[in-house]
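# Structural features, examined
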Amino acid sequence: MMETSALLYNFEDDDRTRQIRRYLHRAGITTRIVTTPDFLHPLGYLFEVPGFSPNPAFNLGQNFTEEMMIMKDFSEQHLDDFLSFIRSSGLKRIDLKAILTPVNQNWNSLQLYQELTAERNAVLRQIRRKK
């Protein structure tokens, strides 16, 4: 059976984060806060996907400070409901979000962060060009 879960990065310990975690818990979605020492491990390992091992390298300060959320085994309904919850609650959105895929499960958190920020920057450049 698939376990629906989410990894959360750089979320402050505040009311917004508590609301998000409470919502996810009630929806049956397991959450894990990922901290800098785990940033080099493959995402598959962080989600406990069979066949993944931890990266033996020690993270010597490679970091990012933006919020990021990675979702595993979210159905379309889970995703729609979660995004509706964020909007209807008036909570600040989570800019960097991804779904775990067969490709990115081999990446570490830093690689995914770099990919998401590159995609966001490309979209912003496109928007600026159209103005």
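Above this text is the structure in question.
Treat the numbers as computed from the prediction; the structure is a model and nothing was measured.

Conventions we followed
Residues numbered from 1 in each chain as written. Predicted model: local features only at pLDDT ≥ 70, side-chain atom pairs only at ≥ 80, totals over all residues. Heavy atoms only, no water. Phe/Tyr/Trp six-rings, centres within 6.5 Å; stacked < 30°, edge-to-face > 60°. Helix = DSSP H or I, 4+ residues; strand = E, 2+ residues; numbered from the N terminus. Buried < 20%, exposed > 50% of the residue type's maximum accessible area, 1.4 Å probe, protein only. Contact = heavy atoms within 4.5 Å.

## Regarding the packing of aromatic side chains
- Evaluated as defined, the whole model comprises 6 aromatic pairs.
- Taking 5.8 Å as the distance between ring centres and 35° as the angle between the ring planes, the aromatic pair formed by Tyr 9 and Phe 64 counts as tilted. Here Tyr 9, found in strand S1 (residues 5-9), pairs with Phe 64, found in the loop between helix H2 (43-46) and strand S3 (68-72); they are 55 residues apart in sequence, far enough to count as distant. Per residue, the accessibility class of Tyr 9 equals that of Phe 64, and both read buried.
- Between the aromatic rings of Phe 64 and Tyr 113, the centroid separation amounts to 4.2 Å while the plane-to-plane angle is 5°, which identifies the pairing as stacked. A residue pair is termed long-range when its members are at least 10 positions apart, and Phe 64 in the loop between H2 and S3 and Tyr 113 in helix H4 (residues 109-130) qualify at 49 residues. Tyr 113 matches Phe 64 in its accessibility class, with the two residues each being buried.
- Taken together, Tyr 9, Phe 39, Phe 64 and Tyr 113 form an aromatic cluster joined through their ring pairs.

## Things to note about the environment of Lys 92
- Mapped onto the secondary structure, Lys 92 falls in the loop between helix H3 (76-88) and strand S4 (96-99).
- Classification of Lys 92 by relative accessible area gives exposed; the value is 53%.
- It is 23 Å that separates the C-alpha atoms of Lys 92 and Thr 4, two residues lying 88 residues apart in sequence.
- What Lys 92 contacts, discounting residues up to four positions off in sequence, is Arg 16, Glu 67 and Ile 86.

Geometry only, nothing functional implied.
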